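A look at the structure
What follows is each chain in one-letter form.
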Protein chains: 2
Amino acid sequence: MGENLEDQKKLHQQILLNTALENKDIHNFRDEFLSLHPYDQARFFIEIDPVHRKQVYYFLSPKEMAFLFEQLEIEDEEYRKLLSEMLPQYAADVLSYMFTDNAVDVLNILEKDQVASYLTMMDQGEAQEIKDLLHYEEYTAGSIMTTEYVAIEASQTVRSAMFILKNEAAKAEMIYYLYVIDEEKRLVGVLSLRDLIIEEDDTMITEIMNDRVVYVSVSDDQEDIARRMKDYNFLAIPVVDFQRHLLGIITIDDIVDVIDEEASEDYSKLAAVSDMDSPSKSPFSAAKKRLPWLIVLLFLGMFTASLIGRFEDTLKQVALLAVFIPLIGGMAGNTGTQALAVAVRGIATGDVNEESKWKLILREAGTGFITGATCGILIMIIVYVWKGELFLGLLVGISILASLVVATMSGSLIPLLMDKLNIDPAVASGPFITTINDIISILIYFGMANLFMNHLI
Amino acid sequence: MGENLEDQKKLHQQILLNTALENKDIHNFRDEFLSLHPYDQARFFIEIDPVHRKQVYYFLSPKEMAFLFEQLEIEDEEYRKLLSEMLPQYAADVLSYMFTDNAVDVLNILEKDQVASYLTMMDQGEAQEIKDLLHYEEYTAGSIMTTEYVAIEASQTVRSAMFILKNEAAKAEMIYYLYVIDEEKRLVGVLSLRDLIIEEDDTMITEIMNDRVVYVSVSDDQEDIARRMKDYNFLAIPVVDFQRHLLGIITIDDIVDVIDEEASEDYSKLAAVSDMDSPSKSPFSAAKKRLPWLIVLLFLGMFTASLIGRFEDTLKQVALLAVFIPLIGGMAGNTGTQALAVAVRGIATGDVNEESKWKLILREAGTGFITGATCGILIMIIVYVWKGELFLGLLVGISILASLVVATMSGSLIPLLMDKLNIDPAVASGPFITTINDIISILIYFGMANLFMNHLI
């Protein structure tokens, strides 16, 4: 990509922009700055100090600032800080020039009276559109949809549809699909801009539109919508109410963010980092997020300890037993995590459902048996060769076999149960499953050791 | 969404389609089938038996089958099976009607002589385009790009660009960006279809095109490209060689798949399921995938066991020591996984880089100290209250403190080291880090126990 050349160009640009800001040179600044992609504008803007940022507010129109604002990916506090730096009317204008869905995202992190004051400073129609969207619950279609779509009527021709499109192109968020509605604003069809431009001007929309529209309901979960858009390869999907009135559209860029967020979320939960803590946060804030989990696990661990405590006499007689505690617990924990990961991803992608769930649990039990038998025989041989203890080897081997079967089954059963109870199965994090399986495997190990004590001494 | 109504409609469709297939009624079948979205066509097609599928091959043209084929998301063997069901010339035609990038994906899973035979049956130009793409390495821009883009020249007007677009619209994969090239096919600009349709017919392309094009190099990694497209909210990105010649474009639907795959991959690695095994696979194939990891961990576990074995005399004297082995090992393992997850995601999203990496390791050490001290003090109190053993409590508490500091540091240090050595840091999976930290924590625990033996007896 010629990284060095690119980097040099970027550095040169930054120097130009900074000099223009220093000199309050509005012309050079605007020339250079507005030729950048809004994402690059945003990256420059967020790096400079507040004094220079104030200068930028004077140099850019609210509309230009709105484009930049759409591209920011910053923490909630930073949004609040930036808005507080602007004159209130300027901030209100920036928000009203943003696409409605993005403006709503920003407004959602502000105080209620702050939101109200911005809304009163906006154009009535715009304020109403924003108010409508503010009602929708987080993680639903309503919360991520935008109202800037292009709608046409079925009775139109290609020519008149093209005319509408040209007029709305500048302010619509996505112009590559046109949604066809009837007199009552009910969604009846869709056509792509591609269809439109290859057709003759006099063709009727009804003739070329696709009347089997795939749509989502305003209360649908964003994760389900993401899966649907990924399956159909759509750039946007229409959102309707229960009477099929068109309310808005969800665009692919928001869906990319949803997929990314949900994946991060599942990942952090598997590792029991309740909320993904950003690597730049302080150790105190990181510790605060992780401690609740660790303390739960500490008490679970204490429970394990008290279980082993009951076998203190056994341990005194055969101290060698203790040697294999971490091995058996560890193997059970690891296998459980593997089974958990398969089940959680399967539920998330829809591969695992009501019908196939028993098949999965049986499959996992089978997998546990095969891996358990292999590892069990292996360990038996090792213990026999290493310590010359056939019976101890047998005990450890059978414990591993039993633990692995139980661990794989619980690893798939627990997330499936949680899903059934409408709890996000990803909450059954790795460490939790690990600890549960630790306890079970140690019970099996010491239980068996106790039974066959006379063979061990 | 009126799920029940939708479901009933779908069922009705399926019955219609199946009846048409039974009766060899080509007209009814085509009427109904071709009105479905290709994704729904694909879902119906993949569910029916081979005899009915053969019927479908007779009913659909290769071009219609190609649209359906683009939407299939099936295993490699299934692609091979479907192609072998078709007449060779039909199969070759289907492949040549597919978008080049998707045809290449399918060809990549076939035997070399099979590929060669299909290529000879294709149109020369199409075969050449496919051959060019077959060369690129997996996971690079070249391997996921398509050559069906729309290119125009800078010297054209809006009118002539629109004319080209109308001609190419039917066969281009993405017509919403037009890439501007010079006489030597070098990429010099880009404009969106949105820009094109709002401009006057006589405007020159040079006047309205954006000459600061964001592009990627053909050898760039697909994960980096995904991040870039997500940042810029592009629907497509151009791919160039080192002299900036335009070679192809990557479209957002492929990027959505990349993001999803990479997230799944990181997730499975954290759980040490080397390749995400599909929930529908047999226990043998699942066991085969998991066993290598489990056996590595088994040997690491044996190493832990042999370490504890060295303290057999200590254990014989104070059997109570064994009681806390799983607790200490478990806490260290869990904390390590948390630190690992933060580091791996940080590296993946670019939040953690050369400069910030020492800050992260220090941050993690700090987090380990705070969580370790909290849990350590807690456990000391519990052990004192429960067993009345102040010194044992102190020993367990300090061991937890030391283990957690080491575990958080190794959890972030190991993936950072791997990244430095150009190994995918996600390979440092949860169970691996867990086992490493198990070993370290037990060394700390028994090491200290041995030192202060006289206080314990």
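Residues numbered from 1 in each chain as written. Chains lettered and ligands numbered in written order. Predicted model: local features only at pLDDT ≥ 70, side-chain atom pairs only at ≥ 80, totals over all residues. Heavy atoms only, no water.

This next bit is on the overall build of chain A. The helix and strand inventory of chain A stands at 23 helices and six strands. Taking 2.2 N^0.38 as the reference for a compact globule, 457 residues should give roughly 23 Å; the C-alpha atoms of chain A span a radius of gyration of 30 Å, well beyond that estimate. Here the C-alpha coordinates of chain A stretch approximately 90 × 60 × 50 Å along the principal axes. For chain A, the proportion of its 457 residues judged to be buried stands at 57%. Long-range contacts, defined as pairs at least 24 residues apart, comprise 68% of the intrachain contacts of chain A with a sequence gap of at least 6. In the form shown here, chain A has an accessible surface area of approximately 20,200 Å², with 56% of it arising from carbon and sulfur atoms. (Helix = DSSP H or I, 4+ residues; strand = E, 2+ residues; numbered from the N terminus. Rg over C-alpha atoms; globule rule 2.2 N^0.38 Å. Buried < 20%, exposed > 50% of the residue type's maximum accessible area, 1.4 Å probe, protein only. Contact = heavy atoms within 4.5 Å. Areas by Shrake-Rupley, 256 points an atom, 1.4 Å probe, with all protein chains shown as cover.)

Residue and element names in this part refer to chain A. Following the UniProt record, one finds the feature "domain: CBS" (unreviewed entry) at residues 145-207 and 209-265. Taken end to end, residues 145-207 comprises 32% helix and 24% strand; its first and last C-alpha atoms sit 28 Å apart. Each end of residues 209-265 is marked by a C-alpha atom, and these two atoms are 39 Å apart; helix forms 44% of the span and strand 23%. (UniProt positions renumbered as here; feature names shortened; annotations may be inferred.)

We now examine the pairing of strand β3 (residues 187-192) of chain A. Residue and element names in this part refer to chain A. For β3, the tally of buried residues reaches five of six residues, placing the bulk of the element in the interior. Two strands pair when backbone bridges link them, and strand β2 (residues 177-181) and β3 are joined in this way by five bridges, in the antiparallel orientation. Note on β3: the bridge partner recorded for Ile 181 is Leu 187. (Pairing = 2+ DSSP bridges.)

With that settled, the discussion passes to the packing of aromatic side chains. All names here are of chain A. Under the definition given, this model contains 25 aromatic pairs over all chains. For the ring pair Phe 311 and Phe 446, a centre distance of 4.9 Å and an interplane angle of 20° mean the geometry is stacked. You can see Phe 311 sitting in the loop between α17 (283-309) and α18 (312-317) and its partner Phe 446 sitting in helix α22 (residues 430-451), a full 135 residues away along the chain. Exposure class is identical for Phe 311 and Phe 446. Each is buried. Directly above the aromatic system of Phe 45 lies the positively charged group of Arg 53, at a separation of 5.9 Å from the ring centroid. (Phe/Tyr/Trp six-rings, centres within 6.5 Å; stacked < 30°, edge-to-face > 60°. Lys NZ or Arg CZ within 6 Å of the ring centre and 35° of its normal.)

On the side of chain B, 122 residues touch chain A, which itself brings 122 residues to the contact. Counting the surface lost from both chain A and chain B, the interface buries some 10,900 Å², and carbon and sulfur atoms represent 67% of this. The tally of links between chain A and chain B comes to six salt bridges. Here Asp 260 of chain A and Lys 230 of chain B are joined by a salt bridge, their closest N and O atoms 3.9 Å apart. The interface formed by chain A and chain B includes 17 residue pairs in polar contact (both at pLDDT 80 or more). Counting residues per element, the side of chain A that touches chain B draws most heavily on α17 of chain A, which supplies 19 residues. Across the side of chain A that touches chain B, the residue classes break down as 69 nonpolar, 25 polar and 28 charged. (Buried area = accessible area lost by both parts, 1.4 Å probe. Salt bridge = Lys/Arg side-chain N within 4 Å of Asp/Glu carboxyl O. Polar contact = N/O pair within 3.5 Å; in protein donor to acceptor, adjacent residues only side chain to side chain. Nonpolar A, V, L, I, M, F, W, Y, C, P; charged D, E, K, R; others polar.)

What follows is about empty space enclosed by the protein. Unfilled space is identified by rolling a water-sized probe across the atoms. All chains considered together, the criterion is met by four cavities of 30 Å³ or more. Roughly 330 Å³ of internal volume is contained in the largest cavity. Elements represented by at least two residues in the lining of the largest cavity include exactly α17, α19 (325-349) and α22 of chain A together with α17 (283-309), α19 (325-349) and α22 (430-451) of chain B. Of the residues forming the lining of the largest cavity, the biggest block, eight residues, is contributed by α19 of chain B. Among the residues making up the lining of the largest cavity, the classes are represented as eleven nonpolar, 15 polar and two charged. Approximately 120 Å³ is the volume found for the second largest cavity. (1 Å grid on protein atoms, 1.4 Å probe; cavity = no way out; pocket = protein on both sides within 12 Å on 5 of 7 lines; lining within 4 Å. Points joined across faces, edges and corners; volume = space filled by probe spheres on them.)

Attention shifts here to a nonpolar patch on the surface. Residue and element names in this part refer to chain A. Taken together, the side chains of Ile 377, Ile 381, Tyr 384, Val 385 and Leu 390 define a hydrophobic patch exposed on the protein surface, amounting to about 530 Å² of accessible area. Residue contributions to the nonpolar patch peak at four residues, all from helix α20 (residues 357-387). Its location among the elements puts Ile 381 in helix α20. Taking the relative accessible area as the measure of exposure, Ile 381 reaches 47% and is therefore partly exposed. (Patch = residues over 30% accessible without salt bridge, like charges linked within 9 Å, V, L, I, M, F, W, Y side chains within 5 Å.)

Mapping chain A onto chain B leaves a residual RMSD of 0.3 Å; the transformation is a rotation of 180° accompanied by 0.1 Å of translation along its axis. Taken together, the rotation and translation describe the operation of a two-fold axis. A shared binding surface is used by both copies, with 100% of the interface residues of chain A retained as interface residues in chain B. (Least-squares fit on C-alpha atoms with pLDDT ≥ 70 in both.)

All right, on to the pairing of strand β1 (residues 150-153) of chain A then. All names here are of chain A. The side-chain alternation of β1 yields one buried face, formed by Val 150 and Ile 152, and one unburied face, formed by Ala 151 and Glu 153. As defined by bridge partners, β1 adjoins β2 across four bridges and the pair is classed as parallel. Bridge pairing links Val 150 to Leu 178 in β2.

Locating Thr 140 of chain A in the fold gives a position in the loop between α10 (124-134) and α11 (141-144). For Thr 140 of chain A, the residues in contact, after removing those within four places along its chain, are Val 218, Ser 219, Asp 220 and Gln 222 of chain A.

Attention now moves to the sheet that holds β1 of chain A. Residues and elements named next belong to chain A. Pairing is mixed in the open sheet, where three strands are placed in the order β1-β2-β3. Taken across any chain shown, the strands that pair with only one partner, and hence form the sheet edges, are β1 and β3. Across the sheet, the axes of successive neighbouring strands diverge by a mean angle of 35°, strand direction being ignored. The strands that helix α12 (residues 158-168) touches are β1 and β2; relative to β1, the one it contacts most, it runs at about 155°. (Axes fitted to C-alpha atoms, helices over the stretch in contact; angles between N-to-C directions.)

Within this structure's numbering, the places UniProt gives as "transmembrane region" (unreviewed entry) are residues 291-311, 317-344, 365-386, 392-414 and 426-448 of chain A. With 75% helix and 0% strand, the stretch residues 317-344 of chain A has end C-alpha atoms that lie 43 Å from each other.

All names here are of chain B. Spatial strand order, β4-β5-β6: three strands in an open sheet with mixed pairing. With one partner strand each, in any of the chains shown, β4 (216-217) and β6 (246-251) form the two edges of the open sheet. Against the sheet, helix α15 (residues 222-232) engages β4, β5 (236-240) and β6, with an angle of about 135° to β5.

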